[in-house]
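Observations on the three-dimensional arrangement
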Amino acid sequence: MTNDLARRDFLKGTAALAGAAATNAFSCVEIARSAPIAVPTVDKLSIRVLVDSSFDLFLRPKQTHGVSIAPAKWATDFRRALHNEWGLSLWLESEAGGAQRTLMLDYGYTPEVLLNNMELIGVDPGKIDALIVSHGHYDHFGGLLGFLDKTRDKLPADVKLYAGGEDNFCHRVNPAPATGQFTDFGALDRRQLAAQKVPTVLCETPTVIAGHAFTTGKIARRSGERVLPNTFVEFGIKDGLGCNAGHYLPAEMEGKIVPDEHIHEHATCYHVRDFGLVVISSCGHAGIVNSVKQAQEVSGIQKVHAIVGGFHLGPAPPDYLKQVVSEIKALDPDVVVPMHCSGLNFVQEAAAQMGDKVLVTTTGSRLTFGL
């Protein structure tokens with residue numbers, strides 16, 4: 001089967017899932033296969049950092065290893081400024097054969113910060129071709145519903161949200177000081193997505209999005225990485241809120257609250273012509289090395305151009321951090337761009353091991369790949 005035919009068949013399958021999603025508010029697919037898919041190639045990719053935890057007025061333009069970074073422009077109205085918060089939101093623009101696509105990956109913690117920054121950075125919601133959510137943490141979906149309240153009439157009528165799987169909708173909690181008690185950390189409400197006429201496609205298998213990007217599907221845990229402490233997850237659905245874990249977990253897990261393994265976290269990826277893979281890991285709970293290896297396996301492409309996003313290594317102990325950075329170095333990426341939860345400790349260790357391959361960005365920065 002040629003790549004074009006394979007891609008067309010795959011997109012037909014995606015369309016069928018989307019149709020089911022429109023009818024039922026969500027759809028379920030099988031667990032990710034370990035087989036290559038027909039991955040599209042783009043000529044150019046840019047990433048705008050809509051929301052991250054810091055802003056650096058003195059960040060200077062830089063170009064290295066086929067990647068350029070442009071800092072945010074200062075607001076024309078001195079009374080307004082880009083806002084920062086614990087969370088991540090990325091604006092992805094790609095070009096292939098003269099055709100352009102725009103995807104939005106994650107939505108920060110609050111709609112107020114997201115919408116403020118989108119306006120000041122100057123991105124147009126009307127250009128969005130698809131929405132993606134990486135996993136079920138509030139600091140990645142918290143701004144989504146408010147964003148839809150404000151902009152739904154500007155988005156395409158048939159816009160879809162691509163989520164890694166049913167686990168993305170589970171209820172998350174944090175442990176409280178008292179043993180056995182928890183504090184709420186929210187759940188992405190599929191009922192409100194349905195009310196906004198935004199169907200959800202569950203990408204447990206690798207999925208091509210808008211003909212330019214692809215997702216990894218469920219990430220196999222194949223390296224020595226482990227899920228560092230984060231939230232707990234409650235399996236179950238009540239009055240339409242939460243996750244139906246019946247198709248991927250034993251029945252006895254229903255109603256259980258357990259340490260969060262982020263079963264259906266996925267990474268968003270591009271293949272940039274003549275450069276290789278750009279793997280975007282919004283938080284990397286499944287392991288950043290695991291995420292890259294999953295992208296390589298499902299795409300059949302080994303060359304890694306860039307590893308970008310949150311790597312959740314801020315809480316990593318020193319020996320473990322050194323080991324993970326050494327495994328990242330062994331992947332031989334052209335650049336590594338840590339954001340969000342990667343941690344200053346990661347930036348320092350990665351710079352020590354990888355030198356000028358480590359690029360630092362802040363809220364409002366623009367990265368361009370494929371120079």
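Refer to the structure presented above.
No experiment lies behind these values; they were computed from the predicted model shown.

When helices and strands are tallied, the protein shows eight helices and 21 strands. Against the 2.2 N^0.38 benchmark of 21 Å for 371 residues, the protein shows a C-alpha radius of gyration of 19 Å, consistent with a compact globule. With the C-alpha coordinates aligned to their principal axes, the bounding extent of the protein is approximately 55 × 50 × 45 Å. Only carbon and sulfur atoms are counted for the fraction: they give 53% of the accessible area of the protein, which is about 15100 Å².

On to the environment of Ser 94, then. Mapped onto the secondary structure, Ser 94 falls in strand β4 (residues 89-96). The buried category is assigned to Ser 94, whose relative accessible area is 4%. In the structure, Ser 94 is positioned 50 residues away from Lys 44 in sequence and 5.6 Å away in space, judged by C-alpha atoms. For Ser 94, the residues in contact, after removing those within four places along its chain, are Val 42, Lys 44, Leu 45, Ala 99, Gln 100, Arg 101, His 212 and Tyr 270. Side chain to side chain, Ser 94 and His 212 meet in a polar contact 2.7 Å long.

Such a bond, covalent and formed between the sulfur atoms of two cysteines, is termed a disulfide. Per the stated rule, a full pass over the model turns up one disulfide. A disulfide bridge connects Cys 170 with Cys 243, and the sulfur atoms are separated by 2.0 Å. Sign of the S-S torsion, about 95 degrees for the bond between Cys 170 and Cys 243, identifies this disulfide as right-handed. Within this pair, whereas Cys 170 is found in the loop between β7 (161-163) and β8 (171-175), its partner Cys 243 is found in strand β15 (residues 241-243), the two being separated by 73 residues in sequence. For the residue pair Cys 170 and Cys 243, the accessibility class agrees, reading buried in each case. Here Cys 269 is not cross-linked by a disulfide; its sulfur's nearest cysteine counterpart is in Cys 203, at 12 Å. Accessibility expressed as a relative area gives 0% for Cys 269, which makes it buried. Its sulfur unpaired, Cys 341 is 3.3 Å from the next cysteine sulfur, which belongs to Cys 283. Overall, the relative accessible area of 4% leaves Cys 341 in the buried class.

For the rest of this paragraph, the subject is the nonpolar core. With 33 residues, the main nonpolar core has Leu 90, Ile 280, Val 308, Leu 367 and Phe 369 as its most contacted residues. Apart from the residues within four sequence positions on either side, Leu 367 is in contact with Leu 45, Ser 46, Ile 47, Val 49, Val 67, Ser 68, Ile 69, Val 337, Met 339 and Thr 361. Counting 31 residues, the second largest nonpolar core, distinct from the first, contains Ile 37, Val 292, Ala 295 and Val 358.

Quick look at the pairing of strand β1 (residues 44-51) now. Judged by how many residues are buried, β1 sits mostly within the fold: seven of eight residues are covered. Pairing geometry for β1 and β4, over seven bridges, is antiparallel. Counterpart to Val 49 in the pairing with β4 is Leu 90.

Quick look at the packing of helix α2 (residues 111-121) against helix α4 (residues 144-151) now. Interaxial distance between α2 and α4 falls to 8 Å at its minimum, and their mutual angle equals 50 degrees. Between α2 and α4, the interaxial angle falls into the category oblique. You can see that α2 and α4 cross each other, and the crossing is right-handed. Facing Pro 111, Leu 114, Leu 115 and Met 118 of α2, the residues of α4 in contact are Gly 146, Phe 147, Lys 150 and Thr 151. Taken together, the residues of the contact of α2 with α4 sort by class into five nonpolar, two polar and one charged.

Right, let's get into the packing of aromatic side chains. Any aromatic ring pair is given by two values, namely how distant the centres are and how the planes are angled relative to each other. If you walk through the whole model with that rule in mind, you get six aromatic pairs. On the basis of an interplanar angle of 25 degrees and a centroid distance of 6.3 Å, the ring pair of Tyr 107 and Phe 147 is categorised as stacked. Separated by 40 residues along the polypeptide, Tyr 107 in the loop between β5 (99-105) and α2 and Phe 147 in helix α4 bring together distant segments of the chain. Note on accessibility: Tyr 107 and Phe 147 belong to one class, buried. Their ring planes at 65 degrees and their centres at 5.2 Å tell us that Tyr 138 and Phe 141 sit as a pair that is edge-to-face. Taken together, the positions of Tyr 138 and Phe 141, both in helix α3 (residues 138-141) and three residues apart, correspond to about one turn of that helix. According to the relative accessible area criterion, Tyr 138 is partly exposed, its value standing at 28%. Residue placement shows Arg 79 over the ring face of Phe 78; its charged tip is 5.8 Å from the ring centre.

Next up on the list: the side chain of His 264. With respect to the helices, strands and loops of the structure, His 264 is situated in the loop between β16 (257-259) and β17 (268-272). Take His 264: its relative accessible area is 1%, and that puts it in the buried class.

Here is what the cut-offs are and how they apply
Residues numbered from 1 in each chain as written. Predicted model: local features only at pLDDT ≥ 70, side-chain atom pairs only at ≥ 80, totals over all residues. Heavy atoms only, no water. Helix = DSSP H or I, 4+ residues; strand = E, 2+ residues; numbered from the N terminus. Rg over C-alpha atoms; globule rule 2.2 N^0.38 Å. Areas by Shrake-Rupley, 256 points an atom, 1.4 Å probe, with all protein chains shown as cover. Buried < 20%, exposed > 50% of the residue type's maximum accessible area, 1.4 Å probe, protein only. Contact = heavy atoms within 4.5 Å. Polar contact = N/O pair within 3.5 Å; in protein donor to acceptor, adjacent residues only side chain to side chain. Disulfide = S-S within 2.5 Å. Core = buried A, V, L, I, M, F, W, Y, C linked by side-chain atoms within 4.5 Å. Pairing = 2+ DSSP bridges. Axes fitted to C-alpha atoms, helices over the stretch in contact; angles between N-to-C directions. Parallel < 35°, antiparallel > 145°, perpendicular 65-115°, else oblique. Left-handed = near helix turned anticlockwise from the far one by under 90°. Nonpolar A, V, L, I, M, F, W, Y, C, P; charged D, E, K, R; others polar. Phe/Tyr/Trp six-rings, centres within 6.5 Å; stacked < 30°, edge-to-face > 60°. Lys NZ or Arg CZ within 6 Å of the ring centre and 35° of its normal.

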